[in-house]
Amino acid sequence: MGILVSLILALVTMLVVPATTVSAQDVIPIEDRGGLHSAYVVPRDRFERVDVQLIVLSGNYDDPNLSGIAHLTEHLAAFSADRTVLRRARERDVNALIFDVATVYTNSGAPEEIETLLQLSRAVLDRPDLPPGFAESEIKILHRETLLRERNSPNRWLRRRALKNLFGSSYGRANNVIEDLPRLNLEDAYKFHEIHYVPSNVSLIISGDIEPDEAAKMVAKYFGDTDVSAVPEKPWHDQKPDKSLRTVEELSSDRLSDDTVALVKFVDFEDRATSIDLQGEFFLATTVLNNRIWKALFFEDTSLVDVSVDWFFSKVADVELSLAAYPMPGVDLHSALALVEETLSGLLDEPITREEIEQARREENVYAENASRRTTDFLRYLRNVAMDGFAPVTPTGNQRLIESTSDEDVIRFARKLVEPAATSIVLASTEK
Amino acid sequence: MSLRPALVFAALCLIFMPNIGIAQERKETLIASSDDLRIVTLLPMDNGLSALTLVWPIRDQTSLSMMAIEAGLLSVLLGGTDSRTPWEIDTYLGSKGVFQRTSTYRDNLFLTITAPDEVFGEALEHLKNVLFDFEYSDAWYARELHALQRPLASKSRRTSDVLFRVERFLNDVRPNKKDPPLGTRFRFGRPSHAILRSDDDDVGTRVRRLLQKMPAADPPSFISKWSDWLKKFNAEKFALPTGVVHFEDPSSSETMLLLVNAKEFENEDQQVGANVLLDYIGSGIGSEMFRIIRQELRASYDPKSRFAILGPRRALLTMSATVEATEWPKIYDQMRGIYERVLKGNVDQEGLNLQHDRLVSNYRVKFFRDANWTAEHFVDAYPATVLGEIQIPLFNSIEELDVEAVPAQADVVLPPFEEYLLVVIGGGISPTVVFPEAAYCSLGKHEAIDRCLERLSSPRD
């Protein structure tokens, strides 16, 4: 049977917009920034908007011996900044996110709104000032949020169990967030703000449709009066599990929809004090290893429904691998664990080839190109390395980084990641 | 930039392919249309990506069958060919930036393939190879089918898991739905729609070549023609029962409240008016639910509303909040109060204008960035043949809405609060005590909401 098709393409010419290309994206440091740890502008007219990311270089790992304090502080600072600057909350959405090592406040708007965006960012550093009763009751909101997320995402508590067993602690790189809910209090939150929300622990990235000189002028205007301050201590930098540790915990819960193998492995690059010079190796080696993990566990074996793999490279040069595997019905957890462990230990039984590294470079390039297409992805890309206090890396910057990383360095880095190291496993079964 | 001219696009569709059908061939179920094939070219996206969406209308199948067919399509796309292993296919897609997405919307199966403009022609060749030279793996199919299952809300406490079942219920409620013996192996022939987002002539030629090679249904289907079927589909009842569905979990300190109504509108203007009003009630930080339930009462982290379009002039209206178990009746009353104030037209006009602006902006972004979403809207608006320049009525209504006139229409475009179904999952007092007169259905621990929806829909004993 044939097909007869005619197409009429009636495009309205005024609507034809230029396609995305990954043009050079410069990261320009701003010198006149008061006491801020760092400030940058990344000019980019593609999105017809300006985004200001204020990054407090402290997050969940910096909780004192009371989990959830950094998170409570994030809520208080965000609402306080909004109230102080705008007076009317409904004008915009508050955008604050807390991560393990940093807290990010993003203010976005049209280019002509740049002054307001900087004011909102600056107000985050002021001691939270909220109406009587509001700050106290925000603790109640934090209860609701924490319990909701806990229930919605079982992986949160499975990973938490694994981390507690790995580090032998409920604080720092692990947390005790549910048990500590009744102890949350404002006094500790304000203290956290006083110690961590200080200029020398804050980085600023302005990106979008703005001239570098204009951005520099704005930063000087709103942050020029800040002073260099003491940098908060980071006890979690020193949390290192015993290299030979291997723990396995088994549990059962009616909150799980699927049986799950949760595994966390800790690899310490003992001879390095910082990860800044190893970023290219990290991106490429983990891409190569991810590909090998996926090939073995998902593409050449169908006994797992899904596998998720996440690598965290800390600023003090250690790596946390988090892996979750979900066996198909009828596949028991111990068999799934055996498959996972056998795969991880044998990842380099076959040497890494040049072609695999080239493939990793291609995939990194595609990832960078995709990040350039959407504002949210672009912002995520910028803050990724910046959350460690390093200069932000743009998609094009990352392309240059991976092109300049040698194959030998990638192979050396991968070998280190695969070496036996401290590992914690949770085998979680659904309650029938 | 205005939304309206952006939605002017052109299409000419003329293909002769009668019928739709599911036929057995080489022990595989052929999913192919024998209707007229509509090839449509929409405005290109603005992000450097091209896209092709293929649509197979899978009529009168239950959602379980739809899920099986979707798992079959995923198996074909990812399970390997006679020249490429699944791993090689994945590597190829990853290194070229090609994305494949499947979805079901009403009784249609969608496949959207997206790739950077410069490699899109190559991506189409790849698609052709997997559709024609796939190697079917039963183990792969079983895994895809399992992955498409959604968790029970009694475990996950996610509103999206309840709504997934509700949407499925609305789709399956028609009496002629049945589960024919489909088997577990599928192949995919000619779709009913091919929706292209590219202005490259070479791409257009490749698409036509691809479609020419795809087999039509043979023998012709026993089912009536698409347009006749669609009339029947649209004439069927679109409604949810009222009453209360309850999963009691005394161990939980939290309770999820969900109110849901299936609403049919007389026209697009009414639909858009309802959409903006429901957004005003619960969408985002500027909404009434956020302002009152979160910021004043400090009762919930996630109070929100959702307006989900489920066909021409049909939508699912929802409001939800997860609250402390002991407080749920009080928060329910607050949700009712917020809703009824809006129903009476008691609305802050500035807030409503902001919600309208957000809606317009959201549609603009999705039109230029989300090919699958646009294809769903196109199929809703133009299920049959269309020639020349066309516009989607819903998009025009959004752009041209007289926002000032909306509050006065609130009690016309929104259903009364009593017509919402209430779902309560968690701890606290039983709804049978709070609403002794309401129709009630209790959920078991490992049970989906489906049985309760059926039971509440049946006439009372």
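Residues numbered from 1 in each chain as written. Chains lettered and ligands numbered in written order. Predicted model: local features only at pLDDT ≥ 70, side-chain atom pairs only at ≥ 80, totals over all residues. Heavy atoms only, no water.

Undergrad: Can you walk me through the overall build of chain B in this structure?
TA: A tally of regular secondary structure across chain B gives 18 helices and 16 strands. Counting only residues that meet the buried cut, chain B has 63% of its 461 residues in that class. Long-range contacts, defined here as pairs at least 24 residues apart, represent 81% of the contacts in chain B between residues at least 6 apart. Here chain B displays about 17,000 Å² of accessible surface, and carbon together with sulfur accounts for 50% of that area. (Helix = DSSP H or I, 4+ residues; strand = E, 2+ residues; numbered from the N terminus. Buried < 20%, exposed > 50% of the residue type's maximum accessible area, 1.4 Å probe, protein only. Contact = heavy atoms within 4.5 Å. Areas by Shrake-Rupley, 256 points an atom, 1.4 Å probe, with all protein chains shown as cover.)

Undergrad: Help me understand the overall build of chain A in this model?
TA: Counting its secondary structure elements, chain A contains twelve helices and eleven strands. For 432 residues, the compact-globule formula gives about 22 Å, and the C-alpha radius of gyration of chain A, at 24 Å, lands near that figure. Structurally, chain A occupies a C-alpha span of about 70 × 60 × 50 Å along its principal axes. Relative to its full complement of 432 residues, chain A shows a buried share of 58%. Across chain A, contacts joining residues at least 24 apart in sequence account for 83% of those joining residues at least 6 apart. In the structure as shown, chain A presents an accessible area of about 18,000 Å², 49% of it carried by carbon and sulfur atoms. Of the side chains in chain A, 47 bear a positive and 71 a negative charge, and the two mean positions are spaced by 3 Å. (Rg over C-alpha atoms; globule rule 2.2 N^0.38 Å. Lys, Arg positive; Asp, Glu negative; His and termini not counted. Charge placed at Lys NZ, Arg CZ, Asp CG, Glu CD.)

Undergrad: Can you walk me through the environment of Leu-76 of chain A in this structure?
TA: All names here are of chain A. Topologically, Leu-76 is positioned in helix H1 (residues 69-86). The sequence separation of Leu-76 and Leu-278 amounts to 202 residues, and the corresponding C-alpha distance is 36 Å. Ignoring any residue separated from it by four or fewer positions in sequence, one finds Leu-76 in contact with Pro-128, Leu-130, Ala-135, Glu-138, Leu-186, Ala-189 and Tyr-190.

Undergrad: Just to check I follow, could you spell out the side chain of Asn-372 of chain B for this structure?
TA: Residues and elements named next belong to chain B. Along the chain, Asn-372 falls in helix H14 (residues 371-381). What makes Asn-372 buried here is its relative accessible area of 1%. Of the polar contacts made by the side chain of Asn-372, one reaches the side chain of Thr-112; its length is 2.7 Å. Not counting the four nearest positions on each side in its chain, Asn-372 is found in contact with Thr-53, Arg-101, Ser-103, Phe-110 and Thr-112. (Polar contact = N/O pair within 3.5 Å; in protein donor to acceptor, adjacent residues only side chain to side chain.)

Undergrad: I keep staring at the packing of aromatic side chains and nothing clicks. Help me out?
TA: Aromatic rings considered in pairs are described by the distance between their centres and by the relative angle of their planes. Counted under the stated rule, the structure contains 36 aromatic pairs over all chains. Ring centres of Phe-299 of chain A and Trp-140 of chain B lie 5.9 Å apart, and the angle between their planes is 45°; this geometry places the pair in the tilted category. With Phe-299 of chain A in helix H7 (residues 279-299) and Trp-140 of chain B in helix H5 (residues 138-148), this pair bridges two chains. In this structure, Phe-299 of chain A and Trp-140 of chain B share a single accessibility class: buried. Ring geometry for Trp-328 of chain B and Phe-435 of chain B: centres 6.2 Å apart, planes at 40°, overall tilted. A residue pair is termed long-range when its members are at least 10 positions apart, and Trp-328 of chain B in helix H12 (residues 328-343) and Phe-435 of chain B in the loop between helix H17 (431-434) and strand E16 (440-442) qualify at 107 residues. Put simply, the rings of Trp-328, Tyr-332, Tyr-339, Phe-417, Tyr-420 and Phe-435 of chain B touch in pairs and so form one group of aromatic residues. (Phe/Tyr/Trp six-rings, centres within 6.5 Å; stacked < 30°, edge-to-face > 60°.)

Undergrad: Even after reading the chapter, I still don't get the state of the cysteines, so can you show me in this structure?
TA: Should the sulfur atoms of two cysteines be covalently bonded, the bond is a disulfide. All names here are of chain B. For the structure on display, the rule yields one disulfide over all chains. A sulfur-sulfur distance of 2.1 Å marks the disulfide that ties Cys-441 to Cys-452. Between Cys-441 and Cys-452 the sulfur-sulfur dihedral comes to about -75°; the bridge is accordingly left-handed. On the criterion of sequence distance, the pair formed by Cys-441 in strand E16 and Cys-452 in helix H18 (residues 450-457) is long-range, its members being eleven residues apart. In this structure, Cys-441 and Cys-452 share a single accessibility class: buried. (Disulfide = S-S within 2.5 Å.)

Undergrad: What should I look at first to understand helix H2 (residues 63-78) of chain B in this one?
TA: Residues spaced three or four apart along an α-helix face the same direction, because each turn holds 3.6 residues. Residues and elements named next belong to chain B. With 16 residues, H2 extends 22 Å between its outermost C-alpha atoms, agreeing within 8% with the 22 Å of an ideal straight helix rising 1.5 Å per residue. The buried fraction of H2 amounts to 14 of the 16 residues, a majority that puts the element mostly inside the structure. Once H2 ends, the next one or two residues include Gly-80, with phi positive near 105°. (Expected span 1.5 Å × (residues − 1).)

Undergrad: Teacher, can you tell me more about the sheet that holds E16 of chain B here?
TA: Within a sheet, neighbouring strands are paired by backbone hydrogen bonds and run either parallel or antiparallel to one another. Residues and elements named next belong to chain B. Strand order in the open sheet formed by six strands is E12-E13-E11-E15-E10-E16, and the pairing between neighbours is mixed. What marks the edges here is a single partner per strand, and that holds for strand E12 (304-309) and E16. The mean angle between the axes of side-by-side strands here comes to 15°, regardless of whether they run parallel or antiparallel. In terms of strand pairing, strand E11 (residues 254-264) meets strand E13 (residues 314-324) through eleven bridges, oriented antiparallel. (Pairing = 2+ DSSP bridges. Axes fitted to C-alpha atoms, helices over the stretch in contact; angles between N-to-C directions.)

Undergrad: Explanation requested: the nonpolar core in the structure shown.
TA: For soluble globular proteins, the rule of thumb is that nonpolar side chains tend to be buried together. The biggest cluster of nonpolar side chains holds 64 residues, and the ones touching the most others in it are Leu-277, Ile-281, Met-319, Met-335 and Leu-414 of chain B. By residue number, the principal contributor to this core is H12 of chain B, which donates eight residues. Listed in part, the 49 residues of the second largest apolar core include Leu-54, Leu-142, Met-218 and Val-219 of chain A. (Core = buried A, V, L, I, M, F, W, Y, C linked by side-chain atoms within 4.5 Å.)

Undergrad: Got a minute to help me understand the side chain of Arg-361 of chain A in this structure?
TA: Residue and element names in this part refer to chain A. On the secondary structure map, Arg-361 appears in helix H9 (residues 354-371). Polar side-chain contacts of Arg-361 include one of 3.0 Å to the backbone oxygen of Ile-402. Those residues in contact with Arg-361 that sit more than four places away from it in its chain are Leu-284, Ile-402, Glu-403, Thr-405, Ser-406 and Asp-407.

Undergrad: How should the environment of Gly-79 of chain B be read in this particular structure?
TA: All names here are of chain B. Relative to the helices and strands, Gly-79 is located in the loop between H2 and helix H3 (86-96). You can call Gly-79 buried: its relative accessible area is 10%. Placed 133 residues apart in sequence, Gly-79 and Gln-212 show a C-alpha to C-alpha distance of 24 Å. Not counting the four nearest positions on each side in its chain, Gly-79 is found in contact with Leu-74, Pro-86, Glu-135 and Trp-140.

Undergrad: I tried to follow the environment of Thr-318 of chain B on my own but got confused; where do I start?
TA: With respect to the helices and strands, Thr-318 of chain B occurs in strand E13. Those residues in contact with Thr-318 of chain B, other than ones at most four positions away along the chain, are Leu-163, Leu-258, Leu-259, Val-260, Leu-278, Lys-304, Ser-305 and Arg-306 of chain B.

Undergrad: Help me understand the pairing of strand E9 (residues 304-313) of chain A in this model?
TA: Every other side chain in a regular strand lies on the same face of the sheet, so the side chains alternate between the two faces. Residue and element names in this part refer to chain A. Counted residue by residue, E9 has seven buried out of ten residues, so it is predominantly covered. Judged from the nine bridges that link them, E9 and strand E10 (residues 318-327) form a sheet pairing that is antiparallel. Within E10, the residue paired with Asp-306 across the bridge is Tyr-326. Between E9 and E10, which pair antiparallel in sequence order, lie four residues; one of them, Ala-317, sits at a positive phi of approximately 65°.

Undergrad: Just to check I follow, could you spell out the confidence of the model for chain B for this structure?
TA: Should pLDDT be low for a region, the predicted coordinates there are not to be read in detail. All names here are of chain B. Averaged over chain B, the pLDDT score is 88; the fraction of residues at 70 or greater is 87%. Counted against residues more than four places away or in other chains, residues 1-26, with its pLDDT under 50, gives 127 contacts. Here the predicted complex scores 0.91 on pTM and 0.89 on ipTM. (pLDDT = per-residue confidence, 0-100.)

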